[in-house]
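# Commentary on secondary and tertiary structure
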Amino acid sequence: MIRPLPRSLSPIPDESLASYVLRLAHRLHISPTHLLGMAGWTQGTYAHHLTAKLLVNIPQAQKDSFAQLTRLAPEEVTELTLSQWRDRYPPIARSNPGTGPLSWSDPWIFLNSPRFCPACLAGDGTPAQQLHGGPWRKMWYLPIAFTCTVHQEFLMHGCAYCDQPGGGLGRMVQRANDHTLHPAQCRWTPDGQVQKRKTRACGHCLDNLASWDPDRPQPTSDMLNFQRSLLTRLAPPATAKDASEYFTDLRLAAALITTTWPQGQHLFDAEAASRIDVHSRKLQTEITGRQRRVRDTPPHDSITCADLLIGAERALNRNGFPELVADFSQAAFRSRPSRASWSRIFDRDRDDCSERLRHAATPVTRAFRRVGGCRGTQVPLRDG
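So, here's what we can say about the structure.

### Some details on the overall build of the protein
- When its secondary structure is counted, the protein shows 15 helices and four strands.
- Of all 384 residues assigned to the protein, the portion counted as buried reaches 52%.
- Counting only contacts in the protein whose residues sit at least 6 apart along the sequence, the fraction spanning at least 24 positions is 67%.
- Only carbon and sulfur atoms are counted for the fraction: they give 50% of the accessible area of the protein, which is about 18,500 Å².

The following block contains the structure:
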């Protein structure tokens, strides 16, 4: 029997489950683990580490118990997850882990370490947000959100003091047993601490605007307009089918750029090209030996990610798009680190992309087939 809390909180629009748990636990002066334990989640695998799988989908039994505890409707609890965008943003559906522990999630969702806007975390001045902070927004878990259109700033991806996060460890909330930290404080463990039984959190206030670099670049009006156009596809009047195909096309175009770099450097100005170059080199160095896994991970840095997505959009909008795909693809097959990468990505997303992209890419990728067992070597097929 779940006893409802004597006092709760109303969710903020676009607030994530992690944010709501942090703010409500802070109001009650208890840890996030304690809060979910009151909802009975400690009986399963969900509360001990507050696994990131809960951001994708909450099982019905846990949803009902949490709703009863917090005096929310089950629909309000569902709104705290990413599931509402499942049909529009394909990586969410791919990351649905089912009933077991989260062992894999699509890299185009930042489940463990979302970006954030310090001004949003500082709150809007209402009494509740003055005490418990503003929301950690759901959209910050999606790489397609790289700016805050309200405060017109690039989103941050790490703490200005400790330069974390490092690794997410599959957790929705770090230090879930800690009841002393404010929701806007950094919960990561700084590098360099001596490994003891008990370590300290960084504790830096992420909503402290004065702690951020005043010379950090500002998004241009074109970037802000592009950001708004991306986010409008997450809701009507855009259809779910059109949104899903568009985001798949954008991801494929971004992967085409990074796997064939510097083939697409003409799509960027000098500063953006330099940032894309660093990101592409990092992806290529991660493909070594038998670990030749597909690498289309987006940059965590919001500025680099904005550059890449804008370049992908430019590529998709070119009149000579089929020829561009052919040129890029041929470059990929000639480059040893990436010769199989984009064809694998396209094969995975062939049925989900638009007909236009499928028509442009199929003649190129049809000329190659995978041989050589686990090494996945690509060779041209012979005609006749």
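### Overview of the packing of aromatic side chains
- Applying the stated criterion across every chain yields a total of 10 aromatic pairs.
- The interplanar angle of 65 degrees and the centroid separation of 5.7 Å between the aromatic rings of Y246 and F247 together place this pair among those described as edge-to-face. Each member of the pair, Y246 as well as F247, is classed as buried.
- Through pairs of rings, three or more aromatic residues link up here, namely F116, W136, W140 and W212.
- Positioned above the aromatic ring of W85, the side-chain terminus of K138 is 5.0 Å from the ring centre.
- Sitting over the face of the ring of Y246, R233 holds its NZ or CZ atom 3.6 Å from the ring centroid.

### Things to note about the environment of L131
- Along the polypeptide, L131 turns up in helix 8 (residues 127–132).
- When residues no more than four places from it in sequence are discounted, the contact partners of L131 are H26 and H182.

### Digging into helix 1 (residues 17–28)
- In this model helix 1 runs 16 Å from its N-terminal to its C-terminal C-alpha over 12 residues, within 8% of the 16 Å that 1.5 Å per residue would give.
- Buried residues of helix 1: L17, A18, S19, Y20, V21, L22, R23, L24, A25 and L28, and no others.
- Packing partners of the buried residues in helix 1 comprise helix 2 (32–38), helix 3 (53–56), helix 4 (60–70) and helix 8.
- Backbone geometry just downstream of helix 1 places H29 in the positive-phi region, at approximately 60 degrees.

### A look at unusual backbone geometry
- P236 connects to P237 through a cis peptide bond whose omega is 15 degrees.
- Look at the link from W261 to P262: it is a cis peptide, with omega at 10 degrees.
- Its place among the elements puts P262 in the loop between helix 10 (240–260) and helix 11 (270–285).
- Unlike most non-glycine residues, D14 shows phi in positive territory, near 70 degrees.
- Locating D14 in the fold gives a position in the segment before helix 1.
- Even without glycine at this site, R71 takes up a positive phi of about 65 degrees.

Conventions used here
- Residues take numbers from 1 onward in each chain, read along the sequence in its written order.
- Residue-level local features of this predicted model are given only where pLDDT is at least 70; pairs of side-chain atoms are given and counted only at 80 or more, and the full residue set underlies all totals for whole chains, interfaces and linings.
- In computing side-chain properties, one takes all heavy atoms of the structure into account and sets aside hydrogens as well as water.
- Counting from the N terminus, the helices are the DSSP runs of H or I reaching at least four residues and the strands are the DSSP runs of E reaching at least two.
- Burial classes: relative accessible area under 20% of the type maximum marks a residue as buried, over 50% as exposed, and values in between as partly exposed (1.4 Å probe, protein chains only).
- In what follows, a contact means two residues having at least one pair of non-hydrogen atoms within 4.5 Å.
- Every accessible area reported is derived by Shrake-Rupley at a probe size of 1.4 Å, with residue values counting cover from the shown protein chains alone.
- The rule is short: rings of Phe, Tyr and Trp, with Trp giving its six-membered ring, pair when the centres are within 6.5 Å, and they are stacked under 30 degrees, edge-to-face over 60, tilted in between.
- By definition here, charges over rings are those cases where NZ of Lys or CZ of Arg is within 6 Å of the ring centre and within 35 degrees of the ring normal.
- Take the residue count of a helix, subtract one, and multiply by 1.5 Å to get its expected span.

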